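Coordinates in review
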Amino acid sequence: MTKSIKVSLAQQIVEVYEGSTRVFRFDCVTGDNEHPTERGVFKVLRKAHPYRSHTYNVQMDYALFFTHDGKALHQYHGIVPLGVVRTARGSVGDWFGSHGCVRLSEADAKALYDWAALGTTVQVL
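This report concerns the structure included in the present document. (Residues numbered from 1 in each chain as written. Predicted model: local features only at pLDDT ≥ 70, side-chain atom pairs only at ≥ 80, totals over all residues. Heavy atoms only, no water.)

**Description of the overall build of the protein**
In terms of helices and strands, the protein carries 2 helices and 9 strands. Helices (α) and strands (β) of the protein occur, in sequence order from the N terminus, as β-β-β-β-β-β-β-α-β-α-β. In the protein, buried positions account for 45% of the 125 residues. For the protein, the exposed surface amounts to about 6700 Å²; the carbon and sulfur share of it is 53%. (Helix = DSSP H or I, 4+ residues; strand = E, 2+ residues; numbered from the N terminus. Buried < 20%, exposed > 50% of the residue type's maximum accessible area, 1.4 Å probe, protein only. Areas by Shrake-Rupley, 256 points an atom, 1.4 Å probe, with all protein chains shown as cover.)

**A few points about the sheet that holds strand β1 (residues 3–8)**
Spatially, the 5 strands line up as an open sheet ordered β3-β2-β1-β9-β4, and their pairing is mixed. In this open sheet, the two strands that pair with only one neighbour each are β3 (21–27) and β4 (40–43). Direction aside, the axes of adjacent strands within the sheet are offset by 20° on average. Two elements, β1 and strand β9 (residues 121–124), share 4 bridges in a ladder whose sense is parallel. Among the inter-strand pairings, K6 is bridged to a residue of β9, identified as Q123. Across the face of the sheet, helix α2 (residues 106–115) comes into contact with β1, β2 (13–18) and β3 while running at roughly 145° to β3. (Pairing = 2+ DSSP bridges. Axes fitted to C-alpha atoms, helices over the stretch in contact; angles between N-to-C directions. Contact = heavy atoms within 4.5 Å.)

**Here we look at unusual backbone geometry**
In this model, H49 is joined to P50 through a cis peptide bond whose omega is -10°. Residue placement: P50 occurs in the loop between β5 (46–48) and β6 (63–65). A positive phi angle, near 55°, is found at Q12, a position not held by glycine. Examined against the element boundaries, Q12 turns out to sit in the loop between β1 and β2.

**Looking at the layout of surface pockets**
Volume-wise, the largest pocket comes out at about 580 Å³. Looking at the lining of the largest pocket residue by residue, the classes come out as 8 nonpolar, 13 polar and 5 charged. (1 Å grid on protein atoms, 1.4 Å probe; cavity = no way out; pocket = protein on both sides within 12 Å on 5 of 7 lines; lining within 4 Å. Points joined across faces, edges and corners; volume = space filled by probe spheres on them. Nonpolar A, V, L, I, M, F, W, Y, C, P; charged D, E, K, R; others polar.)

**Some details on the nonpolar core**
Judged by nonpolar contacts, the single largest core of 22 residues is most densely connected at I5, V7, V14, L73, L104, L112 and V122. If you list the elements that add at least two residues to this core, you get β1, β2, β8 (102–104), α2 and β9. The dominant element in this core, judged by the number of residues it contributes, is α2, at 4 residues. In terms of nonpolar packing, the next biggest core, distinct from the first, is built from 7 residues, A48, Y51, M60 and C101 among them. (Core = buried A, V, L, I, M, F, W, Y, C linked by side-chain atoms within 4.5 Å.)

**Points about the pattern of salt bridges**
Applying the stated criterion across every chain, the model contains 5 salt bridges. Between E38 and K71 there is a salt bridge, with the nearest N and O atoms lying 3.2 Å from each other. Residue E38 is located in the loop between β3 and β4, and its partner K71 is located in the loop between β6 and β7 (72–75); the two are separated by 33 residues in the primary sequence. Under the relative-accessibility criterion, E38 is labelled partly exposed at 33%. Residue classification places K71 among the buried residues on the basis of a relative accessible area of 9%. With a shortest N-O distance of 2.9 Å, D69 and K71 are connected by a salt bridge. (Salt bridge = Lys/Arg side-chain N within 4 Å of Asp/Glu carboxyl O.)

This is the structure in structure tokens:
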């Protein structure tokens, strides 16, 4: 069965499918205005756990890289809970967004990492 990942920038959610059946739905935080998460269709290019960003010097565990410039679905490691960041991003401003990656809670990032294979389609809408 074909696996796919859909990221909704408008809703800040990730939906995960096997064929037409949704198997997961996760809350997420995506890029800000200066560092957007690009729309398009991509593939999981590589997986890394643990992983530390060389560019931003932050942990990005359970990383599923889907662009050649390093954007990934990965675990959020901030000190403020992801739910608070999502709320602030929606009400205060997109300063609370990422640098283009798709941030997930640890449990969600691990579940997605374990489920997705290299080559899995990632559609950013």
